[in-house]
Amino acid sequence: MPGLAELPASLDWRGDPQAIPLAENAIDQYLAITPAGARGRGLCELQRDARDHNGAAIVVQRSFAETVDVYIARKLTEERADVGG
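Residues numbered from 1 in each chain as written. Predicted model: local features only at pLDDT ≥ 70, side-chain atom pairs only at ≥ 80, totals over all residues. Heavy atoms only, no water.

Visitor: Can you help me understand the nonpolar core in this one?
Guide: Ranked by size, the top nonpolar core spans 14 residues in total, and within it Ile 27, Leu 31, Leu 43, Phe 64, Val 68 and Ile 72 carry the most contacts. Residue assignment for this core shows that the elements contributing at least two residues are helix H2 (20-33), helix H3 (36-54) and helix H4 (59-84). Once you skip the residues sitting within four places of it in the chain, Leu 31 turns out to touch Arg 39, Leu 43, Lys 75 and Glu 79. (Core = buried A, V, L, I, M, F, W, Y, C linked by side-chain atoms within 4.5 Å. Buried < 20%, exposed > 50% of the residue type's maximum accessible area, 1.4 Å probe, protein only. Helix = DSSP H or I, 4+ residues; strand = E, 2+ residues; numbered from the N terminus. Contact = heavy atoms within 4.5 Å.)

What follows is the structure, encoded as structure tokens:
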């Protein structure tokens, strides 16, 4: 299972649309092995990485990064709801 340090590499920012389920799985695995108090911070860091790649010149990379960013945002919302409730 990837740790946060391995996630960007495992997400393969080249932008293969078929890799989106793999990216989501990597994020889900990170959440499964990370203590609740550290999840949000790690997701925010990963989200910044996704947004950095969102500026890529190649459209498929941008689309992939945007999709991953949206998925991370949803997971962050879920994490915040779990902490608050």
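Visitor: Explain the pattern of salt bridges to me, please; I cannot follow it from the model alone.
Guide: The final tally for this structure, using the stated rule, is 3 salt bridges. Residue Glu 78 is joined to Lys 75 by a salt bridge in which the shortest nitrogen-to-oxygen separation is 3.5 Å. Within this pair, Glu 78 and its partner Lys 75 are both found in helix H4, separated by 3 residues, close to a single helical turn. Assessed through its relative accessible area of 35%, Glu 78 is described here as partly exposed. What you see here is one network of salt bridges that share partners, running through Asp 28, Lys 75 and Glu 78. (Salt bridge = Lys/Arg side-chain N within 4 Å of Asp/Glu carboxyl O.)

Visitor: Teacher, can you tell me more about the environment of Ala 36 here?
Guide: Inspection of the secondary structure assignment puts Ala 36 in helix H3. Residue Ala 36 is classed as partly exposed on the basis of its relative accessible area, which comes to 45%. On a C-alpha basis, the gap between Ala 36 and Glu 79 in space is 8.0 Å, while along the polypeptide they are 43 residues apart.

Visitor: Explain the confidence of the model for the protein chain to me, please; I cannot follow it from the model alone.
Guide: For residues with low pLDDT, the predicted coordinates do not support detailed interpretation. Confidence in the prediction of the protein chain, expressed as mean pLDDT, is 77, and 69% of residues score 70 or more. Mean pLDDT in the protein chain bottoms out at helix H1 (residues 7-11), which sits at 60, and peaks at H2, which reaches 85. (pLDDT = per-residue confidence, 0-100.)

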